Amino acid sequence: MMELMLLLLHTLAYFTPTGSADPKGRIILRSGGESPCEGHVEAYYEDKKTYVGDKYWNASAEEVVCRSTHCGKPISSTDVYRPLKSRVVLNELKCQGNEASLWDCPGWPGSDGFSFYKKPTVKKISCSDKIEIKKLLFQCEGTVRYSVNSKDHGYICEEEFGKMEADILCKHIDCGEWGKILRPEEILETSKMKSINCEGIEDVTHPWQCVKSAPKSCKRAARITCKDHKRMQLRGHNSNVCSGQLERENENGEWIPVNSNSSSSNNTSELCSDMHCGANGYFTHSDNGLHLTCSGNNIGTEMISVSRKAMLDHVECSGTESSLWHCRAKHQSDTQCSNVPYVICSESVSVNLRGGPGHLAGTLEVEYEGEWKTAIRSPTDNSDLSNIVCEKLRKTENGTKRSSQYVENSNKKFLVLEKCDSKTEISDCISKNKQQSNPKGYESIDITCPENKVLFLHGNQPCSGTVGIMYKEKKYSLSWSNQTWNIDLASKICQELHCGNASKISSSTNIQSDGIIKPDNCLSSNKSLVECELEENSASNQTFAAVKCTGTISVNLTNTCWGYVSITTADKNGFVAEDAWEEKMSEKLCKELSCGSSMPSIDESQTEEQIAFKSLHDLNNVGTDRKLNQYSLVYANDSPRRKRAYVVCKKSIKPRFKPSRDHCSGNVEVLYEGLWLPVHKDALKDKNTQKTICEELKCGAGWVQTTPHLGPSKETHLIKELQCDKSRRSLALCKKIAAEKADKNIIKASDLGGLICSNWSKMALEVEDSCKGKVVVYSGQTDQDEEAKRSFVSFEGWTQKEGEMLCKDLHCGPYINIKPIKDAEINSLWNKKFSCSGREKSIWECKTEPNNNTKTEKVILECKGEPKVALSNGCSGELTIDDKRVCMSQWTEEDSHRVCQELNCGNRIYNETLKSKEKSFHVHCDEHHYRIGQCQRVEAPCDAGTVFLTCAGGVRFWASDGCGGVLSVNYKGEPENLCQDGISETIKEELCKELVCNNKTQPIKNKKVETSLVCPNNRLKNLRYCINDTCSSGKSANIQCVGYTTPPPSSPPTAPPDPIPIVVGVLLCLILVVLIVIFVRYRINRRKMKAMMPPADMEEADWDSGEYEDVDKSDEVDSFRRGRK
């Protein structure tokens, strides 16, 4: 029965899970080499691999590491890079050196509260011990034991050694998978017994990474056999089991003879030892194989990121008189009149069409009162003036003379015409409201008469082709003959068409024409070709005149694919008036220039300028594919200033990432009419649009993600909409691109967007400072979930110019120096080298070449401007970088953690936004940034407020009476009472350690209690990380620590004195004073009376004699004076 219980307990030891509720797991060392006692420190938390940060790292921490991993004492430590997305749990450790594990060291926040760590490096430790694990028996089988520094030997306990551990061991010694766990071996010497348990440890590379102290009760060592173990035996005589035919056990458990050429037969000593048959032996070739005879035994095991005078007055006519003189009137010479009649006859009014293609087309101008004025009318007046105007012009052509020669209306005078529908004379249309300037909204009148003729050259190029006239939508070609067609006539035509002179004349027969131009009767009289006679239906089998002129005509845009329309002819070049330019011309011009389609303009700053061409006109039925440079041009001779035609084509649109230290990542901008406009974040949501931008910029066709825009934009317009098809590879080919003006000309950073393309690259200086260190390139990956690649820049080809450019890009001030460094750590080098000229806007615009150099020296760059990051109150307050505030736009909780850790203040506890609209730094940090100075920043106006934060080191606890009383906390910039909720005895003990007995404070009165301490399972080691902004009870917490003295009871307040006795006393005193004054007055008066009375011995005669003795009154006066006093 006892044996059965032991067997059950033994079985449970193997199959019962060893994990516990405690999330803290093993601490191991891991490196790429064979040694389990060298490498970076790895801590397992909740059964997941994490790294150990090196803030406050010291020699004591290294002692704890080496001791807890059973690796002796620390020898050295260095920095090594960790994977970019790896997790760090343990950090800010302040070990004393006597702790059993790093988990026991003070400093780290504790469970559920991890120290923020973004630094790319951690510590690599080398410990003193060299560990070997060997099996004592040959051929992958035997008792497992270890040796330390090749001296101290010990065994591996069988109690926690299971299938996992056996499999790791067998593979490590190249013996395949595990085969079987054999019956353990009894060990008498158990003081050096160790246990190996690999549960919860990932990717074990050496069994010793799983080592721990063995239970004292363990007395048996593990024994295993691996699948690659080959059992051997000797088959011979029963009398000698160590002599006979050598045989090997196969996979089926069958014994087969070993041939003489088998590798299994090379070492007689090992063979004999493996079979417990001595240390030596010899072979004899008998029994059709090998016959081995042995003699003794042995065992071994081995293991392993824009007032006239008048003659007539009172005139009254009936209309039938032959003369005005015969009308009823007062005939009198030298009559003084205040008003005289003013008459304009219809025949004095002439018309002209100016500025159109041909002699009877253009803008209507009217000669009125001896001046030529431009006719205008209301936009709502749709009267047809063409019949009146064209009829008057026909009469002029047929011999009717104008009242005067046409003079161009250079002073821009206007004449209003109205209600012309039923009129036969243009003079009847003239409004009584004559205008000298153009009233707002009125329009000029353009007319083309049916008799209009337009001269042109019909060919594939401008200024070259068959001579023709377009008349009533029919094409007439000039008939060729040797007598009429010559170089002078051709030059006249070229000049009329603004094409210079004729360089070559020729004839052509292969032309389709509706008639011919007969030059016989017109050219000799020096008339224009348009005045020649035209003849229809006689063009067949004709030879026509052709010419090639010396000049040419071109129509372009001032900025290739956008800008003002510019025309160049043989005799003039300049701009075209905007009012004659049509949208279809814009579309046509964009296509002719291979600039895509036309787009709306956002330029509102166009001003009136001198123009060279009033208009240009297409000719119907001449050819459907005529280009704009073959259109009929109308010169603007001495024309007033006008707005110029302006066109924007799609191919002028180009995307870019705003120049920065980042490549293929950041703020997206689109070139629109020469301005780099920011893009609204909604315009970048479409995946096809994202990929189109990245591909056009050669930034990869893989994954793309959006990113916040860094800082506001100074522009007044932005790209509001972008819409691309999947097949597009250029933004200019996308179906929709829309720009608009920002509301109130203000563009907020929160409305804008950026992108990160798959081939992104970013630079940083590492490790300890933001502006000094190794030049590192972080580059993109093919899959968004993959870790970014970290590469170091080679010193090869790196000069001061490259250093100056990178210092500028990193906002690190002036360049100081560069130097090479070669370290032991193996890291990949950036596959390109840079060559800067000094004119580039960023380091990525410098020329790059493949780096084929095999040297492994890395470049270290030092710049002068290390940014100063500070909080106004040390570990709390308003954040500044180089004494400038930081804007809350794009600010994240992780950024707050970065600040706190950089200032050695722990993690961020509290954030607040302060009201401020002054210029501040807008900051954006990437995953690999661990110091705020490394993050991108731009100074700009801030409408989101500025950053106030409190780190763990800025939280302060007080008690009203020093060591006790009402608890208060300050983490929001002002103290407040602490809630009693959740304040356990354990928490009170920790609070008492924080309180300073001589620091007293008054309880906060009349303020709501809303802050408590919430510590999950009381496992947090730092109470500052327990702060929570809730309080259910609304009551303040009290505490009494050691050293707290209860304040003595206060004396009861003294009752106020009764006022009645006081009042009575005062009244009695006043009465007494009055009585005394009265008495004194009485006594003085009595003395006066007595002094005036005669003495008692005086005779009566003495009274009546009238003789008086002089009386000395000095005493009386003195007495009186004394009485007043």
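Scroll up for the structure.
As the structure is a prediction and not an experimental result, all values here were calculated from the model.

What counts as what
Within each chain, residues carry numbers counting from 1 in the order of the written sequence. Side-chain atom pairs in this predicted model are given and counted only at pLDDT of 80 or more, local residue features only at pLDDT of at least 70, and totals for whole chains, interfaces and linings cover all residues. Side-chain calculation: all heavy atoms of the structure are included, whereas hydrogens and water are not. Elements are defined by DSSP. Helices are runs of H or I of four residues or more, strands are runs of E of two residues or more, and each kind is numbered from the N terminus. Reported accessibility uses the Shrake-Rupley method at a 1.4 Å probe radius. Residues are deemed covered only where the shown protein chains occlude them. Cysteine sulfur atoms that come within 2.5 Å of each other are treated as a disulfide pair. Only protein chains enter the calculation, and the probe is 1.4 Å; a residue is then buried if its accessible area is under 20% of its type maximum, exposed if over 50%, and partly exposed in between. The patches described consist of residues with a relative accessible area above 30% and no salt bridge, like charges being joined within 9 Å and nonpolar side chains (Val, Leu, Ile, Met, Phe, Trp, Tyr) within 5 Å. Any Lys or Arg side-chain nitrogen found within 4 Å of a carboxyl oxygen on Asp or Glu counts as a salt bridge. When charges are counted, Lys and Arg are positive and Asp and Glu negative, with His and the chain ends excluded. Note on charges: their place is set at NZ of Lys, CZ of Arg, CG of Asp or CD of Glu. It is the directions from the helix axis to the C-beta atoms whose arc is reported. Residues count as neighbours in contact if any of their non-hydrogen atoms are within 4.5 Å of one another. Here is the rule: rings of Phe, Tyr and Trp (six-membered ring for Trp) pair when centre to centre is within 6.5 Å. Planes less than 30 degrees apart are stacked, more than 60 are edge-to-face, and the remainder are tilted. Here, a charge over a ring means that NZ of Lys or CZ of Arg falls within 6 Å of the ring centre while also lying within 35 degrees of the ring normal. Nitrogen and oxygen atoms within 3.5 Å of one another constitute a polar contact, given that in protein one can donate a hydrogen and the other can accept it, and given that sequence-neighbouring residues count only through two side-chain atoms. Each nonpolar core is a collection of buried residues, namely Ala, Val, Leu, Ile, Met, Phe, Trp, Tyr and Cys, held together in the definition by side-chain atoms within 4.5 Å.

Engineer: Would you explain the overall build of the protein chain in this entry?
Structural biologist: Of the regular secondary structure elements, the protein chain holds 14 helices and 66 strands. Total accessible area computed for the protein chain in this model is approximately 60,300 Å², and 48% of it derives from carbon and sulfur atoms.

Engineer: Got a minute to help me understand the state of the cysteines in this structure?
Structural biologist: Every disulfide links exactly two cysteines, by a covalent bond between their sulfur atoms. All told, the structure shown has 26 disulfides when counted by the stated rule. Sulfur-sulfur distance for the disulfide between Cys 37 and Cys 71 comes to 2.0 Å. Residues Cys 37 and Cys 71 are joined through a disulfide that is left-handed, its torsion about the S-S bond being -75°. On the criterion of sequence distance, the pair formed by Cys 37 in the loop between strand S1 (24-30) and strand S2 (38-45) and Cys 71 in the loop between helix H2 (59-68) and strand S4 (74-81) is long-range, its members being 34 residues apart. The same class applies to Cys 37 and to Cys 71, which are both buried. Note on cysteine connectivity: Cys 66 is disulfide-linked to Cys 127, with sulfurs 2.0 Å apart. Between Cys 66 and Cys 127 the disulfide shows an S-S torsion of about -85°. By sign, it is left-handed. Here Cys 66, found in helix H2, pairs with Cys 127, found in strand S6 (residues 121-127); they are 61 residues apart in sequence, far enough to count as distant.

Engineer: Can you walk me through unusual backbone geometry in this structure?
Structural biologist: Backbone geometry follows two general trends: most residues other than glycine have a negative phi, and most peptide bonds adopt the trans configuration. Following Glu 766, the chain continues into Val 767 via a peptide bond in cis, with omega recorded as 25°. Tracing the sequence through the fold places Val 767 in the loop between strand S47 (753-766) and strand S48 (772-779). A positive phi angle, near 55°, is found at Glu 673, a position not held by glycine. Here Glu 673 lies in the loop between strand S42 (662-672) and strand S43 (675-678).

Engineer: Any chance you could explain a nonpolar patch on the surface here in plain terms?
Structural biologist: Residues Ile 1060, Val 1064, Leu 1068, Ile 1071, Val 1074, Leu 1075 and Ile 1078 make up a contiguous nonpolar surface patch of roughly 680 Å² in combined accessible area. Inspection of the secondary structure assignment puts Val 1064 in helix H12 (residues 1059-1092).

Engineer: Looking at this structure, how should I read a positive patch on the surface?
Structural biologist: A surface patch of like charges, here positive, comprises Arg 1083, Arg 1086, Arg 1087 and Lys 1090. Its location among the elements puts Arg 1087 in helix H12. For Arg 1087, a relative accessible area of 54% corresponds to the exposed category.

Engineer: Would you mind going over helix H7 (residues 583-592) with me for this structure?
Structural biologist: In an α-helix, one turn spans 3.6 residues; hence positions three or four apart end up facing the same way. Residues Met 585, Ser 586, Leu 589 and Cys 590 constitute the buried set of H7. Within H7, the buried residues cover an arc of 135° as seen down the axis, which keeps them to one side. More than 90 degrees from the buried face of H7, the exposed residues found are Lys 584 and Lys 591. Check the buried side of H7 and you find it contacts strand S34 (554-557), strand S35 (562-568), strand S37 (598-599), strand S38 (613-617) and strand S40 (646-649). Note on H7: the residue one or two positions beyond its end, Ser 594, has a positive phi of about 55°.

Engineer: What's the story with the packing of aromatic side chains in this structure? I'm lost.
Structural biologist: Both the distance between ring centres and the angle between the ring planes are used here to describe each pair of aromatic rings. Counted under the stated rule, the structure contains twelve aromatic pairs. Ring geometry for Tyr 81 versus Phe 792: centroids 5.1 Å apart, planes at 80°, classification edge-to-face. Of the two residues, Tyr 81 and Phe 792, both sit in the buried class. One aromatic cluster is present, built from ring pairs that chain together Trp 798, Trp 830, Phe 834 and Trp 844. Taking NZ or CZ as reference, Lys 55 lies 5.6 Å from the ring centre of Tyr 56, over its face.

Engineer: Please explain the pattern of salt bridges as it appears in this structure.
Structural biologist: Oppositely charged side chains may form a pair once their charged atoms are brought near each other. Going through the model one piece at a time under the given rule, you end up with 39 salt bridges. Among the salt bridges present, the one from Lys 118 reaches Glu 927, with a minimum N-O distance of 2.6 Å. Taking relative accessible area as the criterion, Lys 118 reaches 15% and is therefore assigned buried. In this structure Glu 927 comes out as partly exposed when scored by relative accessible area, which is 34%. Of the charged contacts, one joins Glu 592 and Lys 588 as a salt bridge, the two residues approaching to 3.8 Å between their closest N and O atoms. Note that Glu 592 and Lys 588 are positioned in helix H7 at a spacing of four residues, about one turn of the helix. What you see here is one network of salt bridges that share partners, running through Asp 54, Lys 119 and Glu 768.

Engineer: Would you take a moment to explain helix H8 (residues 687-696) for this structure?
Structural biologist: Of the positions making up H8, those classed as buried are Thr 689, Gln 690, Thr 692, Ile 693 and Cys 694. Following H8 by one or two positions, Lys 698 has its phi on the positive side, about 55°.

Engineer: Got a minute to help me understand the environment of Glu 994 in this structure?
Structural biologist: The topology assignment puts Glu 994 in helix H11 (residues 985-994). Note on Glu 994: relative accessible area 30%, which makes it partly exposed. Taking C-alpha positions, Glu 994 is 6.9 Å from Phe 957, a pair spaced 37 residues apart along the chain. Leaving out residues up to four positions away in the same chain, Glu 994 has contacts with Phe 957 and Arg 1024. Only 2.8 Å separates the side chain of Glu 994 from the side chain of Arg 1024, close enough to count as a polar contact.

Engineer: Just to check I follow, could you spell out the nonpolar core for this structure?
Structural biologist: Considering soluble globular proteins, one finds that nonpolar side chains tend to be buried as a cluster. Among the nonpolar cores identified, the biggest contains 49 residues, and Val 41, Leu 90, Leu 102 and Phe 161 are the most heavily contacted of them. Counting 47 residues, the second-largest nonpolar core is a separate cluster that includes Leu 455, Leu 478, Ala 490 and Ala 545.

Engineer: Is there a simple way to explain the environment of Ser 68 in this structure?
Structural biologist: Here Ser 68 is to be found in helix H2. Separated by 34 residues in the primary sequence, Ser 68 and Leu 102 place their C-alpha atoms 8.3 Å from one another. If sequence neighbours within four positions are ignored, Ser 68 has contacts with Ala 100 and Ser 101. Within the structure, the side chain of Ser 68 is placed 3.2 Å from the backbone oxygen of Val 65, a separation counted as a polar contact.

Engineer: So what exactly am I meant to see when it comes to the side chain of Thr 880 here?
Structural biologist: When you line up the elements, Thr 880 lands in strand S55 (residues 876-881). What Thr 880 contacts, discounting residues up to four positions off in sequence, is Lys 868, Val 869, Ala 870 and Arg 885.

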